[in-house]
Amino acid sequence: GEIALTEDVVLDQPLKVQGNLTIDLNGKTLSGAFAKGAGAVVEVADGLTVEIVGGTIKSTSENGDAAINNAGTLVLKNVVIEGAPLADGGYSAYAVISSGNVVIEEGTTVSADRGCLKFSGAGETVINGGHFTNNDIGTRSLTSHVVDVEDDGTHKLTINGGTFEHLHSATSG
């Protein structure tokens, strides 16, 4: 199906996609404040295809969960994704976490305090442009990554363009 937002939406529980879907954010913001481990703002199950276009997805809970957790196939076009903010004594999940397939098109922006993109499993990711930034969080010591491929080497990552910035001054990754 297809969903088009007509106004900003603040979720009180994660959006667990149940079928193949196009989400047209229509310039609006879809957000949620979920603790790490409680669920991402948008969750895509294995075997499903979800295309998200034209707006913002934001995780707002300090040290919270991802904006998107994907186990299926995810296509991002002209989307702004903001990961959960860091707070003292903890750390947030990456903005986008995927064990499935991802296509990121030019015009997409992902920013986060801890990490932008985390991939694992036997999926495939193709980045065709975009802007990916780990925000500057000052002198806090933290392992972080703009892109993290974490597995036994089976996830395939192809980067055809884009800007990747790691602005942390006191981190590794």
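This write-up is about the structure you can find in this document. What you see is a predicted model, and the numbers here were worked out from it, not measured in a lab. Per chain, the residues get numbers from 1 upward, laid out in the order the sequence is written. Since the coordinates come from a predicted model, pLDDT governs what is reported: local features require at least 70, and pairs of side-chain atoms require 80 or more to be given and counted, while whole-chain, interface and lining totals use all residues. Calculation of side-chain values draws on the structure's entire complement of heavy atoms; hydrogens and water are dropped beforehand.

A short note on the overall build of the protein chain
Now for step 1: Strands are runs of DSSP state E lasting at least two residues, helices are runs of H or I lasting at least four, and both sets are numbered from the N terminus onward. What the protein chain contains, in helices and strands, is 0 helices and 20 strands.
Now for step 2: In this treatment the radius of gyration is a C-alpha quantity, and the globule benchmark scales as 2.2 Å times the residue count to the 0.38 power. In terms of overall dimensions, the protein chain is globule-like: its C-alpha atoms have a radius of gyration of 15 Å, near the 16 Å expected for 173 residues.
Now for step 3: With the principal axes as the frame, the protein chain shows a C-alpha extent of 45 × 35 × 25 Å.
Now for step 4: A 1.4 Å probe rolled over the protein chains alone gives each residue an accessible area, and that area as a share of the maximum for its type sets the label: buried under 20%, exposed over 50%, partly exposed in between. Every one of the 173 residues in the protein chain was classed for burial, and the buried ones make up 46%.
Now for step 5: To be clear on the numbers: accessible area is Shrake-Rupley with a 1.4 Å probe, and residue cover counts the displayed protein chains and nothing else. Roughly 7,600 Å² of accessible area belongs to the protein chain as shown, and the carbon and sulfur atoms make up 45% of that amount.
Now for step 6: Asp and Glu are treated as the negative residues and Lys and Arg as the positive ones, with His and the ends of the chain left uncounted. Note that the charge is assigned to NZ on lysines, CZ on arginines, CG on aspartates and CD on glutamates. Treating the 9 positive side-chain charges of the protein chain as one cloud and the 22 negative ones as another, the clouds have centres 3 Å apart.

Some points on the sheet that holds strand S3 (residues 15-17)
Now for step 1: DSSP calls a pair of strands paired once it identifies at least 2 bridges connecting them. Spatially, S3-S6-S8-S10-S13-S17 is the arrangement adopted by the 6 strands of the open sheet, whose pairing is parallel. Here the strands that pair on one side only, and so sit at the sheet edges, are S3 and strand S17 (145-149). Taken pair by pair, the neighbouring strands of this sheet meet at an average axis angle of 10°, ignoring direction. The axes are straight lines fitted to the C-alpha atoms, using for helices just the contacting stretch, and the angles between their N-to-C directions are given from 0 to 180°.

Notes on the packing of aromatic side chains
Now for step 1: Pairing of aromatic rings covers Phe, Tyr and the six-membered ring of Trp, with a centre-to-centre limit of 6.5 Å; geometry is then stacked below 30 degrees between planes, edge-to-face above 60, and tilted otherwise. As enumerated under the stated definition, the model contains 1 aromatic pair in all.
Now for step 2: With centroids separated by 4.9 Å and ring planes inclined at 15°, the aromatic side chains of Phe 132 and Phe 164 adopt a geometry described as stacked. Separated by 32 residues along the polypeptide, Phe 132 in strand S15 (residues 131-134) and Phe 164 in strand S19 (residues 163-166) bring together distant segments of the chain.
Now for step 3: Judged by relative accessible area, Phe 132 falls into the buried class, the value being 0%.
Now for step 4: Its relative accessible area of 33% is what places Phe 164 among the partly exposed residues.
Now for step 5: Two thresholds decide whether a charge sits over a ring: the Lys NZ or Arg CZ must be within 6 Å of the ring centre and within 35 degrees of the ring normal. The ring of Tyr 91 is capped by Lys 36, whose NZ or CZ atom sits 3.2 Å from the centre of that ring.

A word on the side chain of His 155
Now for step 1: Among the secondary structure elements, His 155 is positioned in the loop between S17 and strand S18 (156-159).
Now for step 2: As used in this structure description, the phrase polar contact means that two N or O atoms lie within 3.5 Å; if the pair is within protein, one of them must be able to donate a hydrogen and the other to accept it, and residues adjacent in sequence are counted only when both atoms belong to side chains. Here Ser 120 takes part through its backbone oxygen, which lies 3.3 Å from a polar atom of the side chain of His 155.
Now for step 3: At 3.2 Å, the side chain of His 155 and the backbone oxygen of Gly 123 are in polar contact.
Now for step 4: The contact criterion used is simple: two residues touch if any of their non-hydrogen atoms lie within 4.5 Å. Ignoring any residue separated from it by four or fewer positions in sequence, one finds His 155 in contact with Gly 100, Phe 119, Ser 120, Gly 121, Gly 123, Glu 124, Thr 125 and Val 149.

Topic: unusual backbone geometry
Now for step 1: In this structure, Asn 63 is a non-glycine residue whose phi angle is positive, near 55°.
Now for step 2: As for its position among the elements, Asn 63 is in the loop between strand S7 (49-59) and strand S8 (68-70).
Now for step 3: A relative accessible area of 18% means that Asn 63 is categorised as buried.
Now for step 4: Unlike most non-glycine residues, Asn 78 shows phi in positive territory, near 55°.
Now for step 5: Looking at the secondary structure, you find Asn 78 in strand S9 (residues 73-82).

Considerations on the environment of Ile 57
Now for step 1: Structurally, Ile 57 can be placed in strand S7.
Now for step 2: Overall, Ile 57 belongs to the buried group, its relative accessible area being 0%.
Now for step 3: For the pair formed by Ile 57 and Val 79, sequence separation is 22 residues and the distance between their alpha carbons is 7.5 Å.
Now for step 4: Contact partners of Ile 57, with chain neighbours within four places excluded, come to Leu 25, Leu 30, Val 41, Val 42, Ile 52, Ala 67, Ile 68, Val 80, Ile 81 and Glu 82.

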